[in-house]
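Spelled out, the chains give:
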Amino acid sequence: MTTTMTERVYNFSPGPAVLPEPVLRTIRDELFSLRGSGMSILEVSHREPIFLDILGEATSRLTELLGIPKDYRVLFVQGGSRLQFSMIPMNLAGPRAKCSYIVTGTWGKAAYDEARKLSVPELSWDGKSSNYSTLPQPRDLSLSADSSFVHFTSNETIQGVQFPEEPSVGSLPLVCDASSDFLSRPIPVAKYGLIYACAQKNAGPAGVTVVIIREDLLKRSGPSLPSYLSFQNHASENSLFNTAPTFGIYVVSLVAEWLLNEMGGLSGMQVTNQRKARLLYEVIDSSEGFYQGHAAPECRSLMNVTFRLPSDELQQRFLQEAEAQDLMCLKGHRSVGGIRASIYNAMPEQGVERLRDHMREFLSRWRGKALG
Ligand SMILES: *Cc1c(COP(=O)(O)O)cnc(C)c1O
């Protein structure tokens with residue numbers, strides 16, 4: 001056995017997902033003693049100055065990366081994006097209040113279904129009839145002027161459809177589930193009321209969720225809300241209402257530092273992400289239907305590339321052969337089937353090139369009738 005501890009595969013997992021290698025190395029180096037403190041990040045109190053520094057750095061790095069305006073607050077909470085599906089209607093709408101949902105895939109549908117338990121959501125648009133492969137045109141949206149907010153999912157992780165830019169909703173507060181494309185490209189934060197993202201897709205480990213909220217919306221959190229579920233509470237306690245997810249915040253801060261210092265910020269990262277995605281979509285488009293992309297071409301995600309092969313047998317074989325080359329976790333979500341290559345920020349270009357080569361090579365063997 002010559003396997004070494006440092007050997008890594010190309011991990012195309014949708015989440016928790018690959019993290020940047022320099023970040024993993026820093027975590028390893030600092031895990032025993034954080035910045036010479038003699039304590040691990042896993043051991044320090046969330047009220048100690050050493051952690052308060054990390055919390056401050058995480059906030060200021062995200063603020064710098066995204067250009068977050070002064071009238072917004074950055075919150076770090078637990079419960080994943082799923083808890084946001086409840087917290088958002090509870091805080092921003094309340095019982096009997098109207099809100100609007102643009103549903104472009106599994107996650108948007110889940111958010112809408114949760115809102116139905118708490119408020120009165122209207123379905124502004126639903127991509128169900130195209131099997132969630134398309135996005136609405138501006139004229140397709142039905143939006144009530146008295147809606148409390150409009151919710152959309154910038155990138156549908158399971159279907160692989162991504163808004164090229166945010167839908168325009170006039171003066172209504174725009175709320176975005178950015179879980180699977182957060183920090184993959186610049187966002188004009190000022191156009192949003194609230195942006196949220198669980199970290200484990202593109203920004204860190206499982207266990208922490210970033211919420212960026214415009215300050216005026218904090219006033220909507222009613223006093224009768226359970227305390228943990230109130231945005232106002234998290235904001236006034238600077239994300240330290242209860243024990244914060246300390247390790248997760250630390251890793252998000254390291255990922256933000258990596259983006260700032262090594263990847264050219266979010267515009268640099270976006271260029272790299274466009275180049276990476278193009279490698280795979282080019283093979284799909286030149287395969288004469290052998291690889292069938294799920295998303296309509298103008299709605300394609302730069303983060304999750306979804307496609308099918310002509311049969312389940314071919315798909316199985318494609319996946320097995322991929323794994324034999326250390327191209328891992330490519331199986332599509334059970335609800336969509338096929339293949340899903342999640343190529344988040346931290347997936348090296350070389351990994352995407354290796355997958356492209358496998359796709360090309362597999363296709364040429366099939367054309368040469370060598371696959372049986
Ligand atoms: C993964 C994901 C979620 C769910 O996140 P949890 O942290 O598991 O609750 C919600 N929305 C999108 C777009 C996702 O990719």
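Residues numbered from 1 in each chain as written. Predicted model: local features only at pLDDT ≥ 70, side-chain atom pairs only at ≥ 80, totals over all residues. Heavy atoms only, no water.

A closer look at the sheet that holds strand 10 (residues 209-214)
Adjacent strands of a sheet form backbone hydrogen bonds with each other and so pair up, either parallel or antiparallel. An order of 2-10-9-8-5-3-4 is seen for the seven strands of this open sheet, with the pairing classed as mixed. Of all strands in the sheet, those bounded by a partner on one side alone are strand 2 (72-77) and strand 4 (120-126). Strand after strand, the sheet turns through a mean of 20 degrees between neighbouring axes, direction not considered. Summarising the sheet, strand 2 and strand 10 pair through six bridges and their orientation is antiparallel. (Pairing = 2+ DSSP bridges. Helix = DSSP H or I, 4+ residues; strand = E, 2+ residues; numbered from the N terminus. Axes fitted to C-alpha atoms, helices over the stretch in contact; angles between N-to-C directions.)

Some details on the site of the ligand
Every one of the 14 residues lining the ligand counts as a neighbour, but Arg82, Thr157, Asp177, Gln200 and Lys201 are closest to it. Between the ligand and Gln200, the relevant distance is 2.9 Å, taken from an oxygen atom to a side-chain nitrogen or oxygen of the residue. In this structure, Lys201 approaches the ligand through a side-chain N or O atom, which is 2.5 Å from an oxygen atom. When isolated, the ligand has an accessible area of 390 Å², and the protein chains bury 87% of it. (Near = heavy atom within 4 Å. Polar contact = N/O pair within 3.5 Å; in protein donor to acceptor, adjacent residues only side chain to side chain. Areas by Shrake-Rupley, 256 points an atom, 1.4 Å probe, with all protein chains shown as cover.)

Considerations on empty space enclosed by the protein
According to the stated counting rule, one finds two cavities of 30 Å³ or more in the structure shown. In this structure, the largest cavity occupies an estimated 60 Å³ of space. Of the residues that constitute the lining of the largest cavity, the class distribution is ten nonpolar, four polar and one charged. In this structure, the second largest cavity occupies an estimated 30 Å³ of space. Lining the second largest cavity are Phe76, Val77, Gln78, Tyr228, His234, Ser239, Phe241, Asn242 and Pro245. Among the residues making up the lining of the second largest cavity, the classes are represented as five nonpolar, four polar and no charged. (1 Å grid on protein atoms, 1.4 Å probe; cavity = no way out; pocket = protein on both sides within 12 Å on 5 of 7 lines; lining within 4 Å. Points joined across faces, edges and corners; volume = space filled by probe spheres on them. Nonpolar A, V, L, I, M, F, W, Y, C, P; charged D, E, K, R; others polar.)

Things to note about the sheet that holds strand 14 (residues 339-342)
Ordered in space as 11-12-14, the three strands form an open sheet in which the pairing is antiparallel. One side of each edge strand has no neighbouring strand; the edge strands of this open sheet are strand 11 (292-293) and strand 14. Looking at chain direction, strand 12 (residues 304-308) and strand 14 are connected through four bridges and run antiparallel. Across the sheet, residue Thr306 finds its bridge partner in strand 14, namely Arg340.

Comments concerning the nonpolar core
Core analysis: the largest hydrophobic core is formed by 59 residues, its most contacted members being Phe51, Leu62, Leu66, Phe76, Phe182, Leu183 and Ile212. Among the elements that line this core, the one with the most residues is helix 6 (residues 246-262), at nine residues. If near-sequence neighbours (up to four positions away) are discounted, Leu66 is found in contact with Phe182, Leu183, Ile187, Val189, Ile212 and Leu266. With 31 residues, the next largest nonpolar core counts Leu280, Leu327, Phe362 and Leu371 among its residues. (Core = buried A, V, L, I, M, F, W, Y, C linked by side-chain atoms within 4.5 Å. Buried < 20%, exposed > 50% of the residue type's maximum accessible area, 1.4 Å probe, protein only. Contact = heavy atoms within 4.5 Å.)

Here we look at the pairing of strand 12
Most of strand 12 is tucked away: four of the five residues are buried. In the sheet, strand 11 pairs with strand 12 via two bridges, with the strands oriented antiparallel. Paired with Gln292 across the bridge in strand 12 is Arg308.

Examining the confidence of the model for the protein chain
For residues with low pLDDT, the predicted coordinates do not support detailed interpretation. Per-chain confidence: the protein chain averages 96 in pLDDT, with 98% of residues scoring 70 or above. Within the model, the stretch residues 1-5 combines pLDDT values under 50 with zero contacts to residues more than four positions away or in other chains. (pLDDT = per-residue confidence, 0-100.)

Section: the packing of aromatic side chains
Throughout the structure, instances matching the rule amount to 13 aromatic pairs. Seen from their ring centres, Tyr291 and Phe318 are 6.1 Å apart, and the 70 degrees between their planes marks the pair as edge-to-face. Of this pair, Tyr291 sits in the loop between helix 7 (265-285) and strand 11 while Phe318 sits in helix 8 (residues 312-324), placing them 27 residues apart in sequence. This pair shows no difference in class: Tyr291 is buried, exactly as Phe318 is. Of the aromatic side chains, those joined through ring pairs into one cluster are Phe290, Tyr291, Phe307, Phe318, Phe362 and Trp366. (Phe/Tyr/Trp six-rings, centres within 6.5 Å; stacked < 30°, edge-to-face > 60°.)

A word on the environment of Asp326
Residue placement: Asp326 occurs in the loop between helix 8 and strand 13 (327-328). For the pair Asp326 and Ile158, spaced 168 residues apart in sequence, the C-alpha to C-alpha distance is 22 Å. Beyond its immediate chain neighbours, meaning those up to four positions away, Asp326 contacts Val9, Tyr10 and Arg354.

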